[in-house]
Amino acid sequence: MKKTLLFLLLSSSLASAQMQPFLLQDVKLTEGVFKNAQEVDLKYILALNPDKLLAPYLIDAELPFKAERYGNWESSGLDGHIGGHYLSALAMMYASTGNAEMKSRLEYMVSELARCQAKNGNGYVGGIPNGKVFWDRIHKGDIDGSTFGLNNTWVPLYNIHKLFAGLRDAYQIADNQEAKKVLIGLGDWFLELIKPLSDEQIQQVLRTEHGGMNEVFADLYIITKESKYLDAAQRLSHQSILKPLLAKEDKLTGLHANTQIPKVIGFEKIAKLTSNADWSGAAQYFWQNVSQTRSVAFGGNSFREHFNPINDFKKMLVSNQGPETCNSFNMLRLSMALFLDKNDVSYLDFYERTLYNHILSSQHPEKGGFVYFTPIRPNHYRVYSQPETSMWCCVGSGIENHSKYGELIYSHNTEDVFVNLFVPSELNWQAKGIQLIQKTNFPYENTSDLTLNLTKKQAFTLNIRYPKWAESVKVLVNGKVQKFDAKPSEYIGLKRKWKKGDRVSIQFEMKTRLEYLPYDSNWAAFVRGPIVLAAKTSTEDLKGLFADDSRMGHETKGKLFPINTAYALVDEPENYLTKLKPIDNLNFTLDSLHLQPFFDLHDARYQMYFQTLTKEDYEKQKEIQKQNEIALLALEARTIDKINCGEQQPEVDHQYKGEQSNSGYDDEQFWRNTRSYISYQLQNRNSAGKYLEISALDEFKIENIEITINGKVLEILSFENKKLRIQLTESDLLNLKISAKNKMPTARMTQIRILKN
Ligand SMILES: [Zn+2]
């Protein structure tokens, strides 16, 4: 009896201190960049056709469909994934805005999915092509998985995870009761599916990208309180990622970045439910490494979708495939989970930085299109999606990103309110009769004004975040300056008996800093407060600015401008910052360039990172860069088609198939080999390419390899310096098959190119 009472007292005091988010329904955005982004997103959501998104589900359930499915990724294997994201976006946009059309579309989508589920009869509903055959093989333990293919199907668990998450959000955020039923049916079907599998077999399944399957089963436990779901969440946790994190080892280099982050969100959720400090420590360790050592100034991480070595960002600097938006979408979800769990304000510094500079910047502010890659390559640009043509992952996470800006502007515990972000908005804490109106033009101006509207006088602490970037903060209550001890990355607590009409005014002082790429790089970005600055450099050759429906429509097609022609800061280091001349709070001139907030910069090539050099270094470097760049550009100019072996997207785009194949990352390159065969399809338009060149990390042994194109065995011209060359016969479409002979693995192949000469 006594014990229970003590436990109750302890848990209630813990609960009272526990940070809680407000519901999206409680926070309304008012005029500003975030409200604009929300409105533009709403239009984009309306432009998507629910019947087209539902078609893959109806086709799989053998029900008549009402509209043709979308093209692009929605009809090349990932069929149905946007439908899952769409449920989440509708639920969040409805909660944030109260828009009735969002609600009715959500109800329609869920009822159609319920109809598919009823027709399937076993709880299953999904859009994966030939889903029944695919899942039956898994159920029987027939598992052949690599990083992005499971039994030659493109990331099926990643796909169905979007549906799980969408149904969860429809129920938890928009109170759609039918979604709860469909979700539980789907969860129970999945439990039956994996029942015969050993833990080892499940780990084999988890080798392939699977979103946050462990997280959604933890959510099913939260919803139902049935322990079978929590058990499943633990079984579905990928041990080869978890174990090094538990040992506080960073083994992330070379791994597909966005595959890992959702797993860690799952570890943290399970940790919280099971009070497992080790798993939570693993999640914190991951967050710490990714946010502090693997991220660039705007908050994004990785290049070509993979984590680069922490001491080398050179390849990110030259790539047209910079950080992917999905990664930051998931890093913000992890930051929010850890912030709420640990009551630690430093998670918000990263959250705010990434929110402005990556998430907000990833949406076209008028047309609403979403960005996939944000290159840091100087004088490069980004591509925007279009509702009819683009069905990529970053469109799915994109429609969600801009529907939930209210999630963390404020938070609370049992008594007190916390102001986390300086975003124009209104908070309505109905249970307490507290309304808080925040008026601000931040970051264009360095102030924010709060007005309290209370039903009755009441005592509580109004906590104002003291951001890490602020040089100083001044707080006034009803015009009177307040004293406080708080430091950056803490809260300034204003404890008093508040009454209706009380006003709090916050004034920041901020500086501009140069932030270097990690590890003795001489490339740096200008950051003002939390805002990354960049310069528009040109609008030349923005090929593919608005994506078509091609497989790689999300990648820029315009030329790469040589890096040695980019503006560099050439001077003594103490003079770099003084070269900036202010126009206003966020606009500066830098010699002939105009620096502005990156989130405001669109439809143009830009420069965000600048090389810093003394005059002497500058001359030396210029010559070396020029030679390297000429060699690379010449190779690209001779290239008709190319595949980076072992990288997800290029391989999917070239219809990769294979057996007994391994892929990895060594010597800063991705590779793939095989003990059986691998095959790709390459385009050789007008038979312009004359040679096929395969590069590898090892020397080729031609007695152990056979190469066929369109079924014909081809003679190998040369095989030296880890390169193998073959003369091509005339054909526009090349079905390339590389087979291993004598049971010996092939060399670790890194790149396949079709060359003109
Ligand atoms: Zn993505």
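Note that this is a predicted model, so its numbers are computed, not measured.

Rules behind the numbers
Residues numbered from 1 in each chain as written. Predicted model: local features only at pLDDT ≥ 70, side-chain atom pairs only at ≥ 80, totals over all residues. Heavy atoms only, no water. Donors = N, O, S within 2.8 Å, 3.2 Å for Na, K, Ca; no water. Tetrahedral: all angles 85-135°; square planar, octahedral: opposite > 155°, others 65-115°. Phe/Tyr/Trp six-rings, centres within 6.5 Å; stacked < 30°, edge-to-face > 60°. Helix = DSSP H or I, 4+ residues; strand = E, 2+ residues; numbered from the N terminus. Buried < 20%, exposed > 50% of the residue type's maximum accessible area, 1.4 Å probe, protein only. Lys NZ or Arg CZ within 6 Å of the ring centre and 35° of its normal. Pairing = 2+ DSSP bridges. Salt bridge = Lys/Arg side-chain N within 4 Å of Asp/Glu carboxyl O. Polar contact = N/O pair within 3.5 Å; in protein donor to acceptor, adjacent residues only side chain to side chain.

Another aspect to go through is the coordination of the zinc ion. On the protein side, the zinc ion has E324 (OE), C326 (SG), C393 (SG) and C394 (SG) as donor atoms, found 2.1 to 2.3 Å from it. Geometry at the zinc ion is tetrahedral, judged from the four donor atoms that bind it and their angles of 95 to 124 degrees at the metal.

On to the packing of aromatic side chains, then. Throughout the structure, instances matching the rule amount to 39 aromatic pairs. With a centroid separation of 5.5 Å and 15 degrees between ring planes, the pair formed by F442 and W469 is classed as stacked. A residue pair is termed long-range when its members are at least 10 positions apart, and F442 in the loop between β8 (434-440) and β9 (447-454) and W469 in the loop between β10 (458-466) and β11 (470-477) qualify at 27 residues. Side by side, F442 and W469 carry an identical accessibility label, which is buried. Cluster of aromatic residues (ring-pair linked, three or more members): F34, Y356, Y405, F422, F442, Y444, W469, F508 and F599. A cation over an aromatic ring shows up here: K225 above the ring of Y221, its NZ or CZ 5.9 Å from the ring centre. The residue whose ring lies beneath R496 is W498, and the NZ or CZ to ring-centre distance is 5.2 Å.

The next subject is the pairing of strand β32 (residues 733-740). Here seven bridges tie strand β26 (residues 669-683) to β32, and the two strands are oriented antiparallel to one another. Pairing of I678 across the sheet is with I738, part of β32. When strand β28 (residues 705-709) meets β32, the two strands line up antiparallel, connected through five bridges. Counterpart to E706 in the pairing with β32 is S739.

Let us now look at the pattern of salt bridges. Enumeration over the complete set of coordinates arrives at 42 salt bridges. In this structure, D250 engages R294 in a salt bridge whose closest nitrogen and oxygen atoms are separated by 2.9 Å. With D250 in the loop between α12 (239-246) and α13 (257-274) and R294 in the loop between α14 (277-293) and α15 (314-318), this pair connects stretches of sequence that are 44 residues apart. A residue is classified by how much of its surface remains accessible, and R294, at 3% relative accessible area, is buried. Salt bridges sharing partners connect three or more residues here, namely R168, D169, E215, D219, K269 and R333.

Here T565 lies in the loop between β17 (531-538) and β18 (568-570). Residue classification places T565 among the exposed residues on the basis of a relative accessible area of 53%. The spacing of T565 and T208 is 357 residues in sequence and 41 Å in space, taken between C-alpha atoms. Within the local environment of T565, its side chain forms a polar contact with the backbone oxygen of P562, the two atoms lying 2.7 Å apart.

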